[in-house]
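Structure at a glance
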Amino acid sequence: MLKTERLVLRPFEEADAEGLHAYLGDEEVVRYEPYGAMTMEECRLEAARRASDEAFWAVCLADGTLIGNLYLSGADEFGMREIGYVFARACWHKGYATEAARRLMAYAFERLATRRIIALCDTRNAASFALMERLGMRREGEFKKNVGFKTDAHGNTIWTDSYQYAILKEEFEN
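In this report, the structure presented in the accompanying data block is examined. (Residues numbered from 1 in each chain as written. Predicted model: local features only at pLDDT ≥ 70, side-chain atom pairs only at ≥ 80, totals over all residues. Heavy atoms only, no water.)

Quick look at the pattern of salt bridges
One pass over the full model with this rule turns up 15 salt bridges. Of the charged contacts, one joins Arg-89 and Asp-26 as a salt bridge, the two residues approaching to 2.7 Å between their closest N and O atoms. Taken together, the positions of Arg-89 in the loop between β5 (80-87) and α3 (96-111) and Asp-26 in the loop between α1 (17-24) and α2 (40-51) put the pair 63 residues apart, joining distant regions of the chain. For Asp-26, a relative accessible area of 17% corresponds to the buried category. Asp-53 is the salt-bridge partner of Arg-49, the closest N and O atoms lying 3.4 Å from each other. Given a relative accessible area of 24%, Asp-53 falls into the partly exposed group. What you see here is one network of salt bridges that share partners, running through Glu-46, Arg-49, Arg-50 and Asp-53. (Salt bridge = Lys/Arg side-chain N within 4 Å of Asp/Glu carboxyl O. Helix = DSSP H or I, 4+ residues; strand = E, 2+ residues; numbered from the N terminus. Buried < 20%, exposed > 50% of the residue type's maximum accessible area, 1.4 Å probe, protein only.)

Looking at the pairing of β5
Of all eight residues in β5, six are buried; the element is thus mostly enclosed. Note that strand β4 (residues 66-72) and β5 share five bridges and pair antiparallel. Bridge assignment links Leu-72 to a residue of β5, and that residue is Ile-83. The pairing of β5 with strand β6 (residues 116-122) spans three bridges and is classified as parallel. Across the sheet, Met-80 pairs through a bridge with Arg-116, a residue of β6. Handedness of the β-α-β unit built from β5, α3 and β6 comes out right-handed. (Pairing = 2+ DSSP bridges. Right-handed = clockwise from strand over helix to strand, strands pointing away.)

Side note on α1
Regarding α1, the residues found buried are Ala-17, Leu-20, Tyr-23 and Leu-24. Within α1, the buried residues cover an arc of 135 degrees as seen down the axis, which keeps them to one side. In α1, the exposed positions angled more than 90 degrees off the buried face are occupied by Glu-18 and Ala-22. Summarising the contacts, the buried residues of α1 are in contact with α2, β4 and β5. (Arc of directions from axis to C-beta. Contact = heavy atoms within 4.5 Å.)

Some words on the side chain of Thr-98
Mapping Thr-98 onto the fold places it in helix α3. Exposure remark for Thr-98: the relative accessible area of 11% places this residue in the buried category. In contact with Thr-98, other than residues within four places in its own chain, are Leu-131, Arg-134 and Leu-135.

Looking at the pairing of strand β3 (residues 56-61)
In terms of burial, β3 is largely enclosed, as five of its six residues are buried. Note: strand β2 (residues 7-11) against β3, five bridges, orientation antiparallel. In the sheet register, Arg-10 faces β3, and the bridge partner there is Ala-58. Bridge analysis of β3 against β4 gives five bridges, and the strand direction is antiparallel. Within β4, the position partnered with Trp-57 by the bridge is Leu-70.

Describing helix α4 (residues 126-134)
All of the buried residues along α4 are Ser-128, Phe-129, Leu-131 and Met-132. Along the axis of α4, the buried residues cluster in a sector spanning 150 degrees; they form a single face. At its buried positions, α4 is contacted by β5, α3, β6, β7 (138-151) and β8 (157-168).

Concerning the nonpolar core
Ranked by internal contacts, the top residues of the largest apolar core, which has 49 residues, are Leu-9, Tyr-23, Leu-70, Phe-87 and Met-137. No other element matches α3, which puts nine residues into this core. (Core = buried A, V, L, I, M, F, W, Y, C linked by side-chain atoms within 4.5 Å.)

Okay, here's the thing in structure tokens:
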């Protein structure tokens, strides 16, 4: 478990299904994710899956309310990890994602022998890349039509562009 001034980052539990549904069931929240809004049953399955996956971190307020999640991949052979985040719409523009991601990045650099952290986002998701920039990450590239998670009404893949951001351990300011 990791703590910040306002938040607790902890492993997921199967009992988190309802809290997970509160934000993953919102189409606007998952707009740029590789999945659509989830039903309560899908969130029950997802909570159980995340409870056994060390890469996912539940982000909670001090009172225990689940407000979002972070993802931190395992390190590759070069000491690189990927970070990701999804937060409830009611928690946007309050600094929670920045606070939580900064704490997890500090943990990764200080305790997990991480050398470099990357993050990817849809180029249309200005809030996401603004967050990466607040975290001190730099934009390293723009990839054209490299991701195709969703399809149109005819079943054709909708290709989207992505930005990649990164930060090195020695560049990170906690």
